[in-house]
Amino acid sequence: MRPSSTLIALVLISAAVTVFTSVWWRDMSYLLLLMWLAIAALTVADLVISNLAGRMTIDFDLPPQGFVGHTTAFTVGVRPQKGVLPQKIEIRLDLAPELVVDEIRWLNPASGAGEGEVKSSLDLHLIRRGRYAVNELWLKWPSRLKLLEIIARMPVGKEIAVQPDISPVLSGAIKTQILPLEAGQKDLRLRGEGSEFHQLREFASGMDPRSIDWKRSARMRSLVVREMRAERNHQIILCVDSGRLMGEQLAGFTKLDRAINAALAMCWGAGLAGDLVGFYSFDSRPRLFVPALPGRAAFPRLQTVCAGLRYETQETNHTLGLTHLSGRLKRRSLVVIFSDFVDAITAELMIENIQVLARHHFVVYVALRDPLLAKLIEPEDTTLDAVARSVAARQILHERRAVMEKLARLGVLCLDSTPEALTSDLIARYIEIKSREMI
């Protein structure tokens, strides 16, 4: 406990009165002593009353896991053992820096049932993957006479496992996007009708006459059409760069986490479409390689692997990483590379190694564009600093565009997306690749 501002003010006023009185009326020492004894008695009485009437039972709850980029609620319940609760209680948590508390809530029993249990929750922002502990809970409330502030500390000892975000998978959003491929249908806006035979159907008005199977129509003496679908059992390798640049914060959490979330969503979508999915990560050297498995079987394994993927601080070695990957692949594959670069000069080695990989495989290069750059290009004010930032932002976007165009000329499909649209854009590109038989 500690003295409140009320008690401190009372002591200061009493001290001033004591000094003034001691100078001018020396015979008032007896009254001054009574004044100080009264203050001490009030403080002791306040402490005794608060301890007798302010005992409470505290319960707390924290979910065992959550998704990176989301918020989770730490719930606190306060229940009086006898009497009523204090008018206001301040809650503070001693927790890992990766768990950010949105705001400090106040429990106000006066607005609820003062003699019953009062609950409140604190929103924790989960900004990085891993296991993080909430160590202690601190409560502070004023005493009955407002002379003291009582502070209580309780050990919590709970952990939360922050996992990659698979909410698009759980919500069914990926299944909705991938449904045309899963059902063997085609998006009519895309070129091609697939190369794998699906079934024969009776010809109906409006169907393409070029799909009629004339030999079987002659045998059956009625027009039938061959219905085709996109070829399945392609091998897809999700290649994630976990180097220093991917640890940069973008719209709340790291590029690496954004890439992992999109990779897991594509793994699930590829499983629905009947393809095989593998995983590879690298930074200054090759890290993890998971051979391709059927997508639905690969998803839980990739989810576990991605949850343990470390945030590296070393520069990425694209030459070593992509050369190692090329040596591990024994058949033509769709290679999706999640990476980033600073400028056109530092991207030269990356471009050369992607070019080598693209000779034998179909490569999709995925980068994350910072939405802040678009705002910096057209500043609201015309100060010298704002103009300098605008010029720098234009130069960065120009160099990114040049690198993407160079990769496109090499036959690489590029996706430079915003953080919020990355997952849906990647699934849309995958559907386009499958429908056009580009692998």
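Owing to the predicted nature of the structure, the values given are computational and were not obtained by experimental measurement.

Enquirer: Help me get a handle on the overall build of the protein chain, residues and values and all.
Expert: A count of helices and strands for the protein chain gives twelve helices and 20 strands. Considering only contacts in the protein chain between residues 6 or more positions apart, those separated by 24 or more positions represent 73%. For the protein chain, the exposed area adds up to about 23,100 Å²; of that, 56% sits on carbon and sulfur atoms.

Enquirer: Give a description of the nonpolar core that names residues and reports values.
Expert: Here is a general trend for soluble globular proteins: nonpolar side chains tend to be buried in one another's company. Of all hydrophobic cores here, the largest spans 47 residues; its most connected members are Leu238, Met266, Phe279, Leu302, Leu334, Val336 and Phe338. Ranked by residues supplied to this core, first place goes to helix α6 (residues 255-272) with eleven residues. Beyond its immediate chain neighbours, meaning those up to four positions away, Val336 contacts Ile237, Leu238, Cys239, Met266, Val364, Val366 and Leu426. By size, the runner-up hydrophobic cluster in this structure holds 26 residues, among which are Val76, Ile89, Ile150 and Ile160.

Enquirer: Talk me through the packing of aromatic side chains; I want residue IDs and the actual numbers.
Expert: Under the defined criterion, the tally for this structure stands at four aromatic pairs. Relative to Phe282, the ring of Tyr280 lies with its centre 5.8 Å away and its plane at 20°, an arrangement referred to as stacked. Here Tyr280 matches Phe282 in class, with each residue buried. Measuring from centroid to centroid gives 6.2 Å for Tyr280 and Phe289, while their planes differ by 65°, and the two rings are edge-to-face. Through pairs of rings, three or more aromatic residues link up here, namely Tyr280, Phe282 and Phe289. Seen from the ring of Tyr311, Arg129 lies directly overhead, with NZ or CZ sitting 4.7 Å from the centre.

Enquirer: Kindly report on empty space enclosed by the protein, identifying the contributing residues and their values.
Expert: Taken as a whole and assessed by the stated rule, the structure comprises two cavities of 30 Å³ or more. Put simply, the largest cavity is a space of about 60 Å³. What lines the largest cavity is simply Met246, Lys255, Ala259, Phe338, Ser339, Asp340, Val366, Ala367, Leu368 and Leu422. Those elements giving two or more residues to the lining of the largest cavity turn out to be α6 and β19 (362-368). Ranked by residues supplied to the lining of the largest cavity, first place goes to β19 with three residues.

Enquirer: If you had to explain the UniProt feature "transmembrane region" (unreviewed entry) in the protein chain to someone new, which residues and values would you point to?
Expert: Mapped onto the present numbering, the UniProt feature "transmembrane region" (unreviewed entry) falls at residues 7-25 and 31-49. Secondary structure within residues 31-49 divides into 100% helix and 0% strand; the distance between the first and last C-alpha atoms comes to 26 Å.

Enquirer: Tell me what's going on with the pattern of salt bridges, and back it up with residues and numbers.
Expert: What the rule picks out here adds up to 15 salt bridges. With a shortest N-O distance of 3.0 Å, Lys434 and Asp275 are connected by a salt bridge. Pair noted here: Lys434 is in helix α12 (residues 422-435) and Asp275 is in the loop between α6 and β16 (276-282), with a separation of 159 residues, a long-range link. Since its relative accessible area comes to 1%, Asp275 is described here as buried. Connected via shared salt-bridge partners are Glu248, Lys255, Asp340, Arg369, Arg400 and Asp416.

Enquirer: Talk me through the packing of helix α8 (residues 318-328) against helix α9 (residues 348-358); I want residue IDs and the actual numbers.
Expert: Interhelical geometry of α8 versus α9 gives an angle of 10° and a closest axis separation of 9 Å. The angle between α8 and α9 places the two elements in the roughly parallel class. Of α9, the residues touching α8 (which contributes His318, Thr319, Leu322, Thr323, Leu325 and Ser326) are Leu349, Met350, Asn353, Ile354 and Leu357. Each residue belonging to the contact of α8 with α9 can be placed in one class, and the counts come to six nonpolar, five polar and no charged.

Procedures and definitions
- Residues numbered from 1 in each chain as written.
- Predicted model: local features only at pLDDT ≥ 70, side-chain atom pairs only at ≥ 80, totals over all residues.
- Heavy atoms only, no water.
- Helix = DSSP H or I, 4+ residues; strand = E, 2+ residues; numbered from the N terminus.
- Contact = heavy atoms within 4.5 Å.
- Areas by Shrake-Rupley, 256 points an atom, 1.4 Å probe, with all protein chains shown as cover.
- Core = buried A, V, L, I, M, F, W, Y, C linked by side-chain atoms within 4.5 Å.
- Buried < 20%, exposed > 50% of the residue type's maximum accessible area, 1.4 Å probe, protein only.
- Phe/Tyr/Trp six-rings, centres within 6.5 Å; stacked < 30°, edge-to-face > 60°.
- Lys NZ or Arg CZ within 6 Å of the ring centre and 35° of its normal.
- 1 Å grid on protein atoms, 1.4 Å probe; cavity = no way out; pocket = protein on both sides within 12 Å on 5 of 7 lines; lining within 4 Å.
- Points joined across faces, edges and corners; volume = space filled by probe spheres on them.
- UniProt positions renumbered as here; feature names shortened; annotations may be inferred.
- Salt bridge = Lys/Arg side-chain N within 4 Å of Asp/Glu carboxyl O.
- Axes fitted to C-alpha atoms, helices over the stretch in contact; angles between N-to-C directions.
- Parallel < 35°, antiparallel > 145°, perpendicular 65-115°, else oblique.
- Nonpolar A, V, L, I, M, F, W, Y, C, P; charged D, E, K, R; others polar.

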